[in-house]
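Summary of structural features
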Protein chains: 2
Amino acid sequence: MNTANTPIDPTKLAKLARALIHVGLELKPGQELLIGAPLEAAPMVRLITAEAYKAGASNVQTFYTDEASAVARYQHGTEAAFDYAPSWLFEGMAAAYKNGAARLSLVGENPFMLAGQNPAHIARVSKARSVAAKPAMQYISDFSIPWCVAAYPTQAWANLVFPKDTPEAALHKLSEAIFTISRTTGEDPVADWRTHSANLATRREWLNSQNFHALHFKGPGTDLTVGLADGHKWNGGASVTKLGGTCNANMPTEEVYTTPHAFRVNGTATSTKPLSYNGTLIEGIRVRFEDGLIVEASAEKGEEVFKNLLATDPGASRIGEVALVPHSSPISQSGLVFYETLFDENAACHIALGQCYTECFHDRDLTEEQALAKGGNTSLVHVDWMIGSNLIDIDGLDANGNRTPIFRSGEWATS
Amino acid sequence: MNTANTPIDPTKLAKLARALIHVGLELKPGQELLIGAPLEAAPMVRLITAEAYKAGASNVQTFYTDEASAVARYQHGTEAAFDYAPSWLFEGMAAAYKNGAARLSLVGENPFMLAGQNPAHIARVSKARSVAAKPAMQYISDFSIPWCVAAYPTQAWANLVFPKDTPEAALHKLSEAIFTISRTTGEDPVADWRTHSANLATRREWLNSQNFHALHFKGPGTDLTVGLADGHKWNGGASVTKLGGTCNANMPTEEVYTTPHAFRVNGTATSTKPLSYNGTLIEGIRVRFEDGLIVEASAEKGEEVFKNLLATDPGASRIGEVALVPHSSPISQSGLVFYETLFDENAACHIALGQCYTECFHDRDLTEEQALAKGGNTSLVHVDWMIGSNLIDIDGLDANGNRTPIFRSGEWATS
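Residues numbered from 1 in each chain as written. Chains lettered and ligands numbered in written order. Predicted model: local features only at pLDDT ≥ 70, side-chain atom pairs only at ≥ 80, totals over all residues. Heavy atoms only, no water.

Helix and strand counts for chain A come out as twelve helices and 21 strands. Expressed as lengths along the three principal axes of its C-alpha atoms, the size of chain A is roughly 60 × 50 × 45 Å. For chain A, buried positions account for 60% of its 415 residues. Relative to all contacts within chain A whose residues are 6 or more apart in sequence, the contacts with residues 24 or more apart total 75%. Of the roughly 15300 Å² of accessible surface on chain A, a fraction of 51% belongs to carbon and sulfur atoms. Across chain A, the centroid of the 33 positively charged side chains sits 2 Å from that of the 45 negatively charged ones. (Helix = DSSP H or I, 4+ residues; strand = E, 2+ residues; numbered from the N terminus. Buried < 20%, exposed > 50% of the residue type's maximum accessible area, 1.4 Å probe, protein only. Contact = heavy atoms within 4.5 Å. Areas by Shrake-Rupley, 256 points an atom, 1.4 Å probe, with all protein chains shown as cover. Lys, Arg positive; Asp, Glu negative; His and termini not counted. Charge placed at Lys NZ, Arg CZ, Asp CG, Glu CD.)

Glancing now at the packing of helix α2 (residues 42–54) of chain A against helix α3 (residues 67–76) of chain B. Viewed as axis vectors pointing N to C, α2(A) and α3(B) meet at an angle of 25°, and their least axial separation amounts to 9 Å. What the angle tells us is that α2(A) and α3(B) run roughly parallel. The crossing of α2(A) and α3(B) is right-handed. Residues V45(A), R46(A), T49(A), A50(A), Y53(A) and K54(A) of α2(A) lie in contact with α3(B), whose contacting residues are A68(B), S69(B), A72(B), R73(B) and H76(B). For the contact of α2(A) with α3(B), a count of residues per class yields five nonpolar, three polar and three charged. (Axes fitted to C-alpha atoms, helices over the stretch in contact; angles between N-to-C directions. Parallel < 35°, antiparallel > 145°, perpendicular 65-115°, else oblique. Left-handed = near helix turned anticlockwise from the far one by under 90°. Nonpolar A, V, L, I, M, F, W, Y, C, P; charged D, E, K, R; others polar.)

Moving on, we come to the relation of the copies chain B and chain A. Expressed as a screw operation, the relation of chain B to chain A combines 0.0 Å of axial shift with a rotation of 180°, fitting to an RMSD of 0.0 Å. Both copies of the chain, as the preceding transformation shows, are related through a two-fold rotation axis. Relative to the rotation axis, the C-alpha of G92(B) is the closest in chain B, positioned 2.6 Å from it. Of the interface residues in chain B, 100% have counterparts in chain A that sit at the interface too, so the contact is made through matching surfaces. (Least-squares fit on C-alpha atoms with pLDDT ≥ 70 in both.)

Compared with the 18 Å implied by 1.5 Å per residue over 13 residues, the 18 Å span of α2(A) between its first and last C-alpha is a close match. Those residues of α2(A) not exposed but buried are A42(A), M44(A), V45(A), I48(A), T49(A), A50(A), E51(A), A52(A) and Y53(A). Looking at the packing, one finds that the buried side of α2(A) touches α1 (10–24), β1 (32–38), β2 (59–65), β3 (102–107) and β4 (147–151) of chain A together with α3 of chain B. Backbone geometry just downstream of α2(A) places G56(A) in the positive-phi region, at approximately 100°. (Expected span 1.5 Å × (residues − 1).)

The next subject is the domain arrangement of chain A. Residue and element names in this part refer to chain A. Splitting chain A by domain gives domain 1 (10–181) and domain 2 (210–233 + 254–412). Taken over C-alpha atoms, the centre of domain 1 sits 24 Å from the centre of domain 2. Contacts between domain 1 and domain 2 engage 31 residues on the former and 30 residues on the latter. Carbon and sulfur atoms supply 67% of the area buried between domain 1 and domain 2, which totals about 2400 Å² over both sides. Between the two partners, domain 1 and domain 2, sit one salt bridge. Salt-bridge contacts for E368 lead to K134; the nearest nitrogen and oxygen are separated by 3.6 Å. Taken together, the connections running from domain 1 to domain 2 amount to three residue pairs in polar contact (both at pLDDT 80 or more). When residues of the side of domain 1 that touches domain 2 are traced back to their parent elements, those giving at least two are α5 (119–141), β4, α6 (155–161) and α7 (167–181). With eleven residues, α5 is the single largest residue contributor to the side of domain 1 that touches domain 2. (Domains from an automatic or database assignment. Buried area = accessible area lost by both parts, 1.4 Å probe. Salt bridge = Lys/Arg side-chain N within 4 Å of Asp/Glu carboxyl O. Polar contact = N/O pair within 3.5 Å; in protein donor to acceptor, adjacent residues only side chain to side chain.)

Another point: the side chain of D9(A). Residue and element names in this part refer to chain A. Here D9 lies in the segment before α1. Despite its burial, D9 pairs with no opposite charge, the nearest such side chain being K12 at 4.3 Å. A polar contact is formed between the side chain of D9 and the backbone nitrogen of T11, at a distance of 2.8 Å.

What holds strands together in a sheet is hydrogen bonding between their backbones, with the strands either parallel or antiparallel. Residues and elements named next belong to chain B. Reading across the sheet, the five strands line up as β7-β10-β16-β17-β18 and stay open at both edges, with antiparallel pairing between neighbours. Of all strands in the sheet, those bounded by a partner on one side alone are β7 (235–236) and β18 (382–386). Across three bridges, strand β10 (residues 256–258) lies against strand β16 (residues 319–324) in antiparallel orientation. Note on β16: the bridge partner recorded for T258 is V322. The strands that helix α8 (residues 189–210) touches are β7, β10 and β16; relative to β10, the one it contacts most, it runs at about 35°. (Pairing = 2+ DSSP bridges.)

Let us now look at the interface of chain B and chain A. At the junction of the two partners, chain B supplies 37 residues and chain A supplies 37 residues. It is Y53(B), H76(B) and W88(B) in chain B that bury the most area against chain A; as a group they hold 22% of the surface buried on that side. Where chain B meets chain A, there are two salt bridges. Across the pair R46(A) and D66(B) runs a salt bridge, and its minimum N-O distance is 2.7 Å. For the pair chain B and chain A, the number of links is twelve residue pairs in polar contact (both at pLDDT 80 or more). Contributions of two or more residues to the side of chain B that touches chain A are made by β1 (32–38), α2 (42–54), β2 (59–65), α3 and α4 (87–98) of chain B. Sorting elements by how many residues they give to the side of chain B that touches chain A places α2(B) first, with seven residues. Class assignment for the residues of the side of chain B that touches chain A results in 20 nonpolar, twelve polar and five charged.

Our focus in this paragraph is the nonpolar core. Looking at soluble globular proteins, one finds that nonpolar side chains tend to be buried together. With 163 residues, the main nonpolar core has L20(A), L33(A), I48(A), L20(B), L33(B) and I48(B) as its most contacted residues. Setting aside residues up to four positions removed in sequence, L33(A) forms contacts with I21(A), L25(A), L27(A), I48(A), A52(A), N59(A), V60(A), Q61(A), A102(A), R103(A) and L104(A). (Core = buried A, V, L, I, M, F, W, Y, C linked by side-chain atoms within 4.5 Å.)

Right, let's talk about the pattern of salt bridges for a bit. When the charged atoms of two side chains with opposite charge come close together, those side chains can pair. Under the definition given, this model contains 38 salt bridges over all chains. In this structure, the salt-bridge partner of E303(A) is K307(A), at a minimum N-O distance of 3.4 Å. Linking E303(A) with K307(A), this pair stays in helix α9 (residues 303–310), spanning four residues, or about one helical turn. Between K28(B) and E26(B) there is a salt bridge; the shortest N-O distance is 3.8 Å. Owing to a relative accessible area of 38%, K28(B) belongs among the partly exposed residues under this scheme. In the salt-bridge network here, residues are joined through shared partners; they are R18(A), E51(A) and K54(A).

Below, the structure written as structure tokens:
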């Protein structure tokens, strides 16, 4: 019960903050913490900051983002504003990560904030930022450090997810959905998360024991064979970082995922949920792959933004992740569309355009070139979109084409 | 008139934002802007960001600070949290400044936010931060780049300045005081600032033409001879940056100021206004100098914090700035105590413990060692405190001890 009579239950918010520090990041004494968050998330940042210092953090540095200031670049900016990104800042962050700092990102900004801005400008800004961020992102994509992405319920986001409710009711409903789906409403969220991770580990280890050559997805508008990278490894649940501890990179997370082979993907795929990318909603994506490359692409909404995304660099037209999520996941069962990848990707099986995770190889110390030789894609972007539903069947294929059922009607084929 | 019926007049706020970009910084097309601001100042940061992009900024990066998160370090932090500062961040900023970025800082946080925290912890955190910030501060203290410090009226600050008013009335009064004192309420604040700068330039040039050897301050509790550095130069009003443009480093500013000789200051000085330092209020400061060094120091309130400040490093017990402000300045006439140096220092003549400004030498390209040889102090800190009032007389002394009146009863002796 929310005795404070505010839309967002402060007790549940405090539980989530505590879970992020102790399960999301397993923050260690003396470790620094970098936080990225929308301005509206300040109440949660304060709780997280207090938990971090209690856990012995050397410093908590928060980088706040603000919708109005982000939009101002497009509304008022000149040409100079579209191809520049602050490399000095990302290089600074990379130095912090090199020194062992942890990273926490809170999502929740208005998913549509850039709707109506010039897609060409959005693409230029996004690309400049991706290039500048690469030295810092490297520490995240290879799990050099503990990192975690979680959510804070902002009003703009709540209004979008619950358009028929009053603003206050919408905010309350979104916050409750986040708390439930993030599995932080029980007596002991840390213990609950360990159980959840163990369940994901069981699925992951079964897939690793099968060592499939490829997956075959079959559903409405989708008939897709996804080759898996040589030496690929399935992950899911808690990740072991190169510092030795574990982290839960996404809270919530419901997926097991691995690295596909960037040159062995063939067939067609149709999106089953909207993709919110760079402040624009992309719906009804339909693509055709030939030998890993997307050779045909369309979208019912946001097609120009989607095509700009594919054109970011050569790797943006190939995939770097494939992930399995049962239709019975709490997010899918909520029946909600969150317009936010952290949630929507955990509602359904998905693939990601762009950069692979090198942790999804049995040999974790592969260079980018070595990973590429095994089929691990490389790109400035990593963008998940959903191809799963209650109608999807998935088979595992061995090198000879023998089939093993993995999913039937959106659920694991074996209990 | 404030037609929006909010405590802070949005029209006046927009005028101030515009003045900061065009007079405070004279931001150039293609230039990057770094902003530091309290969270509460977001409405003003948005206006400034829009103005910056209109002026052709390549990027606006805001670093928000938050009182609750800053205090959390002291409330919950372990030993690890008191001697660490994020060098990687300041080195990043230094790289941005090296590349020509401008800097805007908005003050306004609760001046007392650290009251009640352990002074030894405050001193350790402050020192670690000063050491880490030095590479970035260098670009500011030598005017390599345009920079400006201005104010945003926060509720906590307003409550302190107007303790007898309702919160809404206090916020309104503080905001109006800021707008008036910052000279941005007229039809054309840019033109008004140019006139004001010209007046300060007249005073500055007269002082430079006199080339005094020392100043003698005489008032209640103060009998102080301040030797001036060899080759010192008086500044005031707009400053010329090494990039070639001009900036108004403080808005408001009412002072003309120069570099004293760190080893030729003798006598006693008593503070005439409270000093807010590191979230603590220091009142009734009384010090005695011998050959530039503070050999006796006391304060009626906040003495421990003041003595910790003096102990930061050897240069913290010597002075690096002396500034002249007539008692008739708008800030002094407001009769308010702001508990914020940006305002209070512009209400009265003051001296600053610590680092000198190398721009206050005729030869601006002096190294720190060369400046020191001429009497320019070096330190991790630069902290102004007030010794002026309507009772202060100031004489200029030449090398033979001949006197020229500069101030009588707190006003310029010549009109």
